[in-house]
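Chain by chain, the residues run as shown.
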Amino acid sequence: MTGPLRCSQLRDMAPDVALGLLTGEERAVALAHLEGCATCRAEVASLAGVADEVLLTAPEATPLEGFDRRVLARLAEVRAAETQAPAPGRGTERAEGARFRPRHGRAGRRGRHDRRRLAVGATFAAAAAAVVLVAAVLVNRDDGSGPTLATAEMTTGVGEVVGTATVRGGDPATVAVDVPGWDDIVPTDATYWLAIELEDGSRTMTHIGTDATWWEVPLRAPADEVATVSVLDGEGWVWCSAEFPA
Amino acid sequence: MWEVSDEALFAGYASGDPEAAAHFVDRFQRRVYGLALAIVRVPVDAEEVAQETFVRAWRFAASFDERRGSVAAWLLGITRNVALDSVRGRGRRPEPVAQASPDLAVDPLDVGGAIERRADARRVAELMGSLPEPQRQALVAVTLWGMTTREVSEMAGIPQGTVKTRVRLALRKLRDEMGVRLP
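Residues numbered from 1 in each chain as written. Chains lettered and ligands numbered in written order. Predicted model: local features only at pLDDT ≥ 70, side-chain atom pairs only at ≥ 80, totals over all residues.

Glancing now at the overall build of chain A. On a plain count of helices and strands, chain A comes out with 5 helices and 9 strands. Going from the N terminus to the C terminus, chain A shows its helices and strands as α-α-α-α-β-β-β-β-α-β-β-β-β-β. The long-range fraction of contacts in chain A, counting pairs at least 24 apart against all pairs at least 6 apart in sequence, stands at 61%. (Helix = DSSP H or I, 4+ residues; strand = E, 2+ residues; numbered from the N terminus. Contact = placed C-beta atoms within 7 Å.)

Below, the structure is given as structure tokens:
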């Protein structure tokens, strides 16, 4: 497709534009036309409204337990970050009585410069026992993993080193995390996540078990974009994390 | 107290009221997560999509215009966009799970009987039921299941152009039936 579109051509494509089905040059040409044509913009907007109505018939599903708490915690962080104000106290303190306390606040999308370390007297203790290598979350450790590109210590809120995080090259690149003794200190019925945050603030989370001390997950981005690797509990509290310099 | 309309509840959510936010998330989380799961098909990714949806809904609350649609439709539109971004970012996605099969022979409108519980969905489902079957199936595949027309084409064994035509006809016919006016 070359050259600017006529309105009649855009009208033909309007449903595809409204549904986001166009890619590449087609999309660019369509958007260029819409920028200067209020009539066609209105056509696309009305069709997009219909498409949204269709979504009302989507199936429902129940998210993992604690989803609402995690959303609200993330919202609180986003609001605090965008208003340049300190995060509200509500929801940022963990109930007493837990066997171990996390190293710092709830995980969220923060810029690297804004990552605070709220030392809260973590008592996370690394076990002296040798690391037990277990089945990886998504990658087998003995499958010819790529070369080590960077390694950082996994630390608690008081700076205690409890493990390591390693970024490996390959296709795909991976992040491997060793936390010796992890399986000794966490309750077996709890939910934990391995969070990988990239330089752009985006984050992927992988569910990890409580019967292992080592995990390796594939990256969905270039290896040099990894900013932070953290282990979180089901409520979004960070138990330990490692940071990789930009 | 919280038997308020979706729009009123959203206004509280947009203002940052914590109690309203809790009820808003509670009211919509199953629908948002359900659509996210239907498109990305991986629970962990669906959770991320659903979380991001609620964040964007707060961040872009000012762009919601109730004259152009309901809060639920607007929120699910955000969900679909975030989910499609997630799928495209990965380049591929796993095969559909049994409960979320986009098999065109299956009618996803019956999933969980949820539609019966939602008045807004009942009306749209009735209108969709009046579409010719091939058009309705194509529209469902690209909207609720987030499939590309190419994926639908390969799955149904029909030309991609035919899929596009069916989707276009279905969308325009629905608009006529809904009486949607140009803004």
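The rest of the description comes next.
Across its full length, chain B carries 8 helices and 0 strands. Taken from the N to the C terminus, the helices and strands of chain B come in the order α-α-α-α-α-α-α-α. Relative to its 183 residues, chain B shows a buried fraction of 43%. Counting contacts in chain B only where the partners sit at least 6 residues apart, residues at least 24 apart contribute 63% of the total. (Buried ≥ 20, exposed ≤ 12 C-beta atoms within 10 Å, placed from the backbone.)

Another aspect to go through is unusual backbone geometry. For Arg41 of chain B, which is not glycine, the phi dihedral falls at a positive 70°. Along the chain, the position of Arg41 of chain B falls in the loop between α2 (18-40) and α3 (43-59).

Right, let's get into the nonpolar core. With 76 residues, the main nonpolar core has Ala18 of chain A together with Ala36, Leu75, Leu76, Val142 and Leu171 of chain B as its most contacted residues. With 12 residues, the single largest contributor to this core is α2 of chain B. Those residues in contact with Val142 of chain B, other than ones at most four positions away along the chain, are Leu19 and Leu21 of chain A together with Met147, Thr149, Val152 and Val167 of chain B. Membership of the second largest hydrophobic core comes to 27 residues, among which are Val167, Val179, Leu194 and Trp214 of chain A. (Core = buried A, V, L, I, M, F, W, Y, C linked by C-beta atoms within 7 Å.)

Here the focus is helix α1 (residues 6-15) of chain B. Residue and element names in this part refer to chain B. Listing the buried residues of α1 in full gives Leu9, Phe10 and Tyr13. Projected down its long axis, α1 shows its buried positions confined to an angular sector of 100°, all on one face. Of the exposed residues in α1, those oriented more than 90 degrees away from the buried face are Glu7, Ala8 and Ser15. Trailing α1 by a residue or two, Gly16 shows a phi angle of about 95°, which is positive. (Arc of directions from axis to C-beta.)

Let us now look at the packing of helix α7 (residues 149-156) of chain B against helix α8 (residues 160-178) of chain B. Residues and elements named next belong to chain B. Relative to each other, α7 and α8 sit at 115°, their axes nearing to 8 Å. In terms of crossing hand, the pair formed by α7 and α8 is right-handed. Listed contacts from α8 to Thr149, Arg150, Val152 and Ser153 of α7 are Gln160, Val163, Lys164 and Val167. Taken together, the residues of the contact of α7 with α8 break down into 3 nonpolar, 3 polar and 2 charged. (Axes fitted to C-alpha atoms, helices over the stretch in contact; angles between N-to-C directions. Left-handed = near helix turned anticlockwise from the far one by under 90°. Nonpolar A, V, L, I, M, F, W, Y, C, P; charged D, E, K, R; others polar.)

Now for the pairing of strand β5 (residues 192-198) of chain A. The pairing of β5 of chain A with strand β6 (residues 203-208) of chain A spans 6 bridges and is classified as antiparallel. Within β6 of chain A, the residue paired with Ala195 of chain A across the bridge is Met205 of chain A. (Pairing = 2+ DSSP bridges.)

Across the contact, 42 residues belong to chain A and 62 residues belong to chain B. Listing elements by their share of the side of chain A that touches chain B, those giving two or more residues are α1 (7-18), α3 (38-54), α4 (67-82) and β6 of chain A. The greatest single-element share of the side of chain A that touches chain B, amounting to 11 residues, is contributed by α3 of chain A. Split by residue class, the side of chain A that touches chain B holds 23 nonpolar, 8 polar and 11 charged.

Residue and element names in this part refer to chain A. Tracing the sequence through the fold places Ser230 in strand β8 (residues 226-233). Given 25 C-beta atoms within 10 Å, Ser230 falls into the buried group. For the pair Ser230 and Leu194, spaced 36 residues apart in the sequence, the C-alpha separation amounts to 5.8 Å.

All right, on to the pairing of strand β3 (residues 161-168) of chain A then. Residue and element names in this part refer to chain A. Summarising the sheet, strand β2 (residues 148-155) and β3 pair through 7 bridges and their orientation is antiparallel. Note on β3: the bridge partner recorded for Met154 is Gly163. Here β3 folds back onto strand β4 (residues 174-178), and the loop between the two strands holds 5 residues, one of which, Gly170, carries a positive phi near 120°.

Moving on, we get to the confidence of the model for chain B. Residues and elements named next belong to chain B. Per-chain confidence: chain B averages 81 in pLDDT, with 81% of residues scoring 70 or above. With pLDDT under 50 throughout, residues 96-112 is counted as low confidence; its partners more than four residues away or in other chains account for 25 contacts. ipTM for the predicted complex: 0.83, alongside a pTM of 0.56. (pLDDT = per-residue confidence, 0-100.)

Looking now at the packing of α2 of chain B against α3 of chain B. Residues and elements named next belong to chain B. Interhelical geometry of α2 versus α3 gives an angle of 130° and a closest axis separation of 8 Å. By the angle between their axes, α2 is oblique relative to α3. Relative to α3, α2 is oriented so that their crossing is right-handed. Here Val25, Gln29, Val32, Tyr33, Ala36, Leu37 and Val40 of α2 lie close against α3, whose contacting residues are Pro43, Asp45, Ala46, Val49, Ala50, Thr53 and Phe54. Of the residues contributing to the contact of α2 with α3, the split by class is 11 nonpolar, 2 polar and 1 charged. (Parallel < 35°, antiparallel > 145°, perpendicular 65-115°, else oblique.)

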